[in-house]
Each structure stands twice: as C-alpha cells, then as structure tokens.
There are 2 protein chains.
Amino acid sequence: MKAVLIVLDGLGDRRCKALNGLTPLQAASPTLLDRLAAEGETGLVDVVSPGVPNGSDTGHLALLGYDPYKYYTGRGPFEALGAGIELSPGDVALRCNFGTVDHSYVLIDRRAGRISSEEAEELASSISENEVEGVKVIFKHTVEHRGVVVLRGGGLSYRISNVDPHATGTVVSMPKPLDGSREARLTAEVLTRFLTEANKKLASHPVNVRRVQKGLPPANFILTRGAGVKPEIPSFESKYGLRGAVVAGGALYKGVCKAAGLDVIEVEGATGTVNTNLGGKVDATLEQLKSHDFILLHVKATDTLSHDKKPVEKVNMIRKVAQAFERLYKELPPNTHLALTGDHTTPSEIGDHRGDPVPLLIWGPEVRGDSVSMFNEIACSRGGLGRIRGVDVMPILANYIGALEMFGE
Amino acid sequence: MKAVLIVLDGLGDRRCKALNGLTPLQAASPTLLDRLAAEGETGLVDVVSPGVPNGSDTGHLALLGYDPYKYYTGRGPFEALGAGIELSPGDVALRCNFGTVDHSYVLIDRRAGRISSEEAEELASSISENEVEGVKVIFKHTVEHRGVVVLRGGGLSYRISNVDPHATGTVVSMPKPLDGSREARLTAEVLTRFLTEANKKLASHPVNVRRVQKGLPPANFILTRGAGVKPEIPSFESKYGLRGAVVAGGALYKGVCKAAGLDVIEVEGATGTVNTNLGGKVDATLEQLKSHDFILLHVKATDTLSHDKKPVEKVNMIRKVAQAFERLYKELPPNTHLALTGDHTTPSEIGDHRGDPVPLLIWGPEVRGDSVSMFNEIACSRGGLGRIRGVDVMPILANYIGALEMFGE
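Presented here is an overview of the structure given in this document. This one's a predicted model, so the numbers in the text were calculated from it and none came from an experiment.

Among the secondary structure elements, Arg225 of chain B is positioned in strand β8 (residues 221-228). Its relative accessible area of 6% is what places Arg225 of chain B among the buried residues. Those residues in contact with Arg225 of chain B that sit more than four places away from it in its chain are Glu409 of chain A together with Leu94, Arg95, Asn97, Arg110, Asn162, Asp164 and His166 of chain B.

See the structure below:
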C-alpha cells in the first residue's frame, strides 16, 4: 500500500469577518475534501507544539516525523538544499531576499517591489561566487525575490543574527555573533564583508539602473536570515520503510524533504506561487506513485494569500486546489491512502503565522472512519483522530498502510 | 476505593467486510460494555505511541504505567516470570515454541501442529535441565506449543538474534550475536549447543515417534525468540500505593505483572485459550479484591481469534466475555472502579498487530462521564478521556480511586 500526504501551506485559519464569521475552509467547503473527510478520519494537529506558532520549515520537519526541537537550527540549509545546492557538514546556509535600502542603509522594501524571477536571476549572476577570508560564499537565486547564501570553509557557526529586520523604515543591521565563539565571530565578519560588497555591485548593476529609471525599487541589498546547518537525521526510508518523493514548487519544501532523503521531483510550472501548475503536480504525483511508496504533495498559494490578508482569495484558492485534486483522487492506484493537512495556521485577517492546530484528514480503505463529514477547523475537532502532534501524523499514516515494524511481541 | 483493569487482548480492530463494514466491537455491541460506557467515561489509547504497532509485552508494560521505550529488552523474561521461574540479574530469558523441522532444518510448522499441552509437557521433561560451557540452561513448557528458555551464569547478554523465522519453508538459523561483545557471542554459542542437542533428544522421543506414526508433525525443534533480561522497574505498589494482583491465563501477562510486583493468581482452567474459564476468572477477581486494591484481569481469546482472521468468532467471543463479566459487575464491592481496554489493535481481517489506538472505558462513582453511550473504536473517539497514551491509563485510574500522592503543594 502507498500514501500521499498533501500539505496546503498555511491552511489553518480563524473566523473571518470578511467571510461572515466562517473560516476560509468552512466558506470554501470544497466537495472533494468534505467527501474525503466523510469517508475517512479527521482530527486536529498541533504541528510542533500546542499553541506554538511555527514556520513552514519546522512544520514540514514535524509532519515528516522529525522533532524540530531536536533537529532544527535554521531555515537556511533547507532553502539551499531545495535550490539544488549540496551541503556538506560544516556549511552554514542562510535564506535571503533581495531587498531595497536607501543610501543610509534604511530598509525601503523587504522584497524589492516583488522583483521578477528573471531580473533577480540576472542580478544573482553578478554575485554568485565569492571568496572572503578563505571562506567560499555562494549566492543562488531561487524564486522571485528569494535566494540562498552558503558559507563554506572550516570553523564556521550558524549562531549569527538575522540581517532582515522584517520591517521597513529601520536601518539594516549587519550580522552579529550570537555567542562568544571564534566561529560565530568569523562567520559574522565574512558575511558582513560579502553583504557590503554585494550591495555595491548590485546598486550599480544595469538591471537596477533600469528599475530606478522606471520608478521601481532597486534590488540592491541581500537580506539574510535563518542561518543553519543541515540536520543529521535518520532517513525517511529507514524510519518508515517507505521510498518517498516530494512534489513541490518552493525550495524550502524540497529542501526539508531532501534532508530526509526523499527524491525531489521537478515539475514544469510548479512555482510555489498562486499561478502554480496544479495539473502538472497531479500528473507528477500519479507518475511518481509508480516508483515510490510515499509522495508529499505541497501547495504554497494558500499561505501566500493568507500573508497577503486575502481571505476571499484564500477561499477561491482552496476550491481551485480541491478541484484540481479531483483527478488525483479518481486516478489514485488501488489501496493508496490520502492524508491532507496544513503545516501551520496563518489567519488570513492577521497575515502571520499563529499556533492554532491545523485540520487533518486521512482517507483510505484501512481507515476506521468517524462521524465527521466536513473538512474544516471546527468539524475536525470532533474527529476520530483526536488532537495529535505533527510528529505523530507520519507514523499514523504509515501504520494504515502497514509499513511499520512492531515494537515488542 | 479499589479498581479492576480488564484487558481484552488485541481488542482494537478495523471495519470488517465480513461484518458489513463494522468493527467487531460495533457488531457485538455488548450490553454490559455499552452500559459501562454510557455511565462512565471513554477514550482512545495509543498504547505505546501513535501509529506504532506494539506487542502484548510492551502493551501491558505501558498499561501498567511503565514506558516500554525505557524498560523493554525482550519478551522472554516476562514469559519466564509468568511460567513461575524466578529470574536473577544477569539471567537471559527467551520465549520459544515447539516447532517442526525436517532433516535439513527447514521449518515445516511453527507450532508443531499446535501440539497439546500434555504432549508438550512430556517432551519438555526430557530437556528441562542442561549445562553448556558452565551456563545452566533451563527449559520450561507453558501452554500448548509454548515454553521458555532461561540461560543462567555469568557474562551473558540478551543481544542475540531470534531463531524463529516466523515463516515456514525457510531454514532455521541458529542464534547470532547482535553486537561485538564477548557476552553476546558466548550466549549465542551456548544457546546454539542447547538447541542442537535438544533437537536430537526430541526427534527420538517416544511422543514424537507416536506423532510421526499418526501423521502429525513432530515437535522436534525449540524456536527461540525475544531474548531479554528482567527490567529493573519501580514496583507497582511504590508507584500507585496500590496492592495489586493479576488474573490471567497466559504466562506473558502474569510475567509482566510479576515484574511490576503484582501477585499472580492461578485460576483453574484459565488457559489463555478460547475455552478459558471465564467464570473462574470472575470468581478469582472478586475473591482477590478482598485482599488487593487493584486487579488486572486479562483475556487472551479476543487476540487469538484476530490472529486467526475470524472476525465473526471475535464478535461472539466479545459477547461471551461481556456476558461472563455481568456477574463481576453485579458483585463488585461498593466504590470499585472498572476500566476496560485492549493492549493493542489486531485487525481480524489482517491477522496481525497494527498501531491504531484501542478503545478505553473507565466506570465508577468518581468518573465524570461523557456523552458516549457505546463502547467501540468509533464512539470512544468522541469520549471524555480524549486520545491518551498507554502509560497514562493507570495514573488516570489510580487518580479516580484517590490513590495518587499530590505533586507540589
């Protein structure tokens, strides 16, 4: 037996005024998801810990069964892995945005006017390979304004502060060591030199000159955050005896899954954006089920619309996703189990992550079932799965498909 | 106040085709259990951990409040304790079956045609006491084809492989050390010599000569598994302040309870089989409640029928057990609390353990109650106890009867 775990990013929500007091899932009430809930089993998931708001990185680690409190250092290495950079022990990786600063380093725009992938790619090529004090500094652009920085060389540490202040109007502050170690000091120094030099190169780059002429914010600064090292975790296959793959657009999701040893499937047009190629993702999932036992299928757009405070658009996106997955449901190989959940709650009238649990459904021939017949935050609280932890989702799913070894006799 | 914890082995199940999509508990809907559920409180129990299929050994350890991840080494010592063998620190104990091998050591029958207790006992007496390389090797028969081996002497280890391959048609492989220690190597050597010599003695034993003449598989090989040492655990009485006893047929259940310091009550005709003396167990439970605060009352047959893939017979057995317990309910001393659950899920259309949670009910004057009025896997998921862990069952029950010390002031 096989299984597909669908993660709709930032799916969990709260009652929205714009939706007459319903959550986006309640307002959407998508036919497929309600049917799966009615035929399957439902529950609520505290993805990392009850009440604790979590990121997509810690959320996905937990959903794959890895305790993020044990294994997580920062988001950077997952972004780097997802961007196709192989990480070695000792490498420090950081997530970053192209941002806009003025001549006094005051932050004007955290996303450089949501610069296009094409322009960002052109800028990136001017700062991709660098060497500072014997440390190799690799910059790689991923999607839109996003990219990664990897520091490679002996004696580095991930214990350095974020440069991205997450708020405009403040002066960008260069990375500081977070402990008294030589390694943290060196890492902060090397990164500061790289960021300073990159700022100079980017400011005078033709792409930015053009943008300024058009009145657009120039992408003249690399805002780093989430320094971390690749976690040493037992492989997904060794934990569950399942050969797994991930179908996702965003680099982060590919990266977390890659760290766990899943195969990363590239899908044309799966961009991690609102206009992602949902049909292509369904095709890839069905295709990969021929050679894999487990697929993690990720959709980012639900979270993006939540951050943009667009509850109505989130409702529409949920419906669109559910409609696209009708074909996945119909063409699923026999005895394949489906699970669907979110990696965290992003209330779409707040625009930021919160620690409310997320709804979960598990559907398939081996599932006991319960009395819940709708898929949303309220209905699932009465489900047969009860209120569980993120790290328990994967063992529960693996149990249904008979993948787990017995403990004891 | 006192308490009885009834464990119906392998009680948890899934929807069965043979039962029109109901679980055996739903199909049985036994009057007593539904009444206790209606008057009491219900929930679901992840006996060792969500999704993780567990054995009866780890399951009973957890239900008594001992974390099996901390204390469990193997099933052998519990079988040995239950068979009445006193274990000392350093003793290595193994569970075993009489099996049938051909002249090339190919396994023909894992249970020697489910040989009778009488014949097995006669065979056992020929190999009960042995000495190999200064190590004492004790063999003791328990029920039907089952028995235990205890190795006693300095420098032994439980880190040796199972001999029982759990599948016929394969060559039986002698025990191997599982680590590089001297102790594991010595233990594997000693056991190998014992098994080889036992095979010779058994093959020519009159009981087996007769069996072969009758066309029955001879019980000519001892299939060992589950090597372990007696866990060093705080006594049940020291944990809960309760004097406890166990009423069970199977050696394993007696053994786990004995390891925790419970008194083992022998009941005439309590065999751990489908024809066990349920009335005798009820009598023993009522009698022992005069001198004990807590009784664990175990019935094995529900699991046996699940392993034999007999959902309809499981339904009948659940009804039979519930009927036999009507008298226990009626004659229970005032203020005695009853809990009823399983030690794991054994779906009776799969025939093997799975990690689905098991239903639990707790009934008694101090219980809060909930809105659930039936005792089955689906109804209990809406119960007031929620979804809890196996190690939490005993503290919850002990709390209701006012047995627990306060933590803090």
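Additional details are given in the paragraphs that follow.
The subject of this paragraph is unusual backbone geometry. Residue and element names in this part refer to chain A. The phi dihedral of Arg114 falls on the positive side, at around 45°, and the residue is not glycine. Backbone geometry places Glu144, a non-glycine residue, at a positive phi of 50°. Residue position: Glu144 is located in the loop between β6 (135-141) and β7 (146-152). When its relative accessible area of 23% is taken as the criterion, Glu144 is described as partly exposed.

On to the interface of chain A and chain B, then. In this assembly, 26 residues from chain A lie in contact with 35 residues from chain B. Looking at the side of chain A facing chain B, the largest losses of area belong to Arg368, Phe407 and Glu409 of chain A, adding up to 44% of the total buried there. At the surface where chain A touches chain B, the tally comes to 5 salt bridges. When the shortest N-O distance is used, the salt bridge between Asp356 of chain B and Arg368 of chain A registers 3.9 Å. Put simply, chain A and chain B have 19 residue pairs in polar contact (both at pLDDT 80 or more) between them. It is helix α14 (residues 390-400) of chain A that contributes the most residues to the side of chain A that touches chain B, 5 residues altogether. Looking at side-chain class alone, the side of chain A that touches chain B contains 10 nonpolar, 8 polar and 8 charged residues.

What follows is about the sheet that holds strand β10 (residues 263-265) of chain A. All names here are of chain A. With mixed pairing, the 8 strands of this open sheet are ordered in space as β10-β9-β11-β1-β12-β13-β2-β14. Across the chains shown, the open sheet's two edge strands, defined by having one partner strand only, are β10 and β14 (386-389). The sheet shows a mean angle of 25° between the axes of neighbouring strands, taken without regard to direction. Bridging between strand β1 (residues 3-8) and strand β11 (residues 294-299) involves 6 bridges; their strand directions are parallel. Following the sheet pairing, Val7 is matched in β11 by His298.

A few words on α14 of chain A. All names here are of chain A. Within α14, 10 of the 11 residues are buried, which leaves it mostly tucked inside the rest of the structure. Taken together, the buried positions of α14 are occupied by Gly390, Asp392, Val393, Met394, Pro395, Ile396, Leu397, Ala398, Asn399 and Tyr400. A positive phi of about 70° marks Gly402, the residue just after α14.

Glancing now at the pairing of β6 of chain A. Residues and elements named next belong to chain A. The buried count for β6 comes to 5 of 7 residues, which makes it a mostly enclosed element. Bridge count for strand β5 (residues 129-132) against β6 is 4 bridges, and the pairing is antiparallel. Note that in β6 the partner of Val132 across the bridge is Val135. Hairpin connection, β5 to β6: the antiparallel pair is bridged by 2 residues, and Glu133 has positive phi, about 50°. Pairing geometry for β6 and β7, over 6 bridges, is antiparallel. Each bridged residue has a counterpart across the sheet, and for Phe139 the counterpart in β7 is Val149.

Analysis parameters
Residues numbered from 1 in each chain as written. Chains lettered and ligands numbered in written order. Predicted model: local features only at pLDDT ≥ 70, side-chain atom pairs only at ≥ 80, totals over all residues. Heavy atoms only, no water. Helix = DSSP H or I, 4+ residues; strand = E, 2+ residues; numbered from the N terminus. Buried < 20%, exposed > 50% of the residue type's maximum accessible area, 1.4 Å probe, protein only. Contact = heavy atoms within 4.5 Å. Buried area = accessible area lost by both parts, 1.4 Å probe. Salt bridge = Lys/Arg side-chain N within 4 Å of Asp/Glu carboxyl O. Polar contact = N/O pair within 3.5 Å; in protein donor to acceptor, adjacent residues only side chain to side chain. Nonpolar A, V, L, I, M, F, W, Y, C, P; charged D, E, K, R; others polar. Pairing = 2+ DSSP bridges. Axes fitted to C-alpha atoms, helices over the stretch in contact; angles between N-to-C directions.

Remember, this is a structural readout, not a statement about activity or role.
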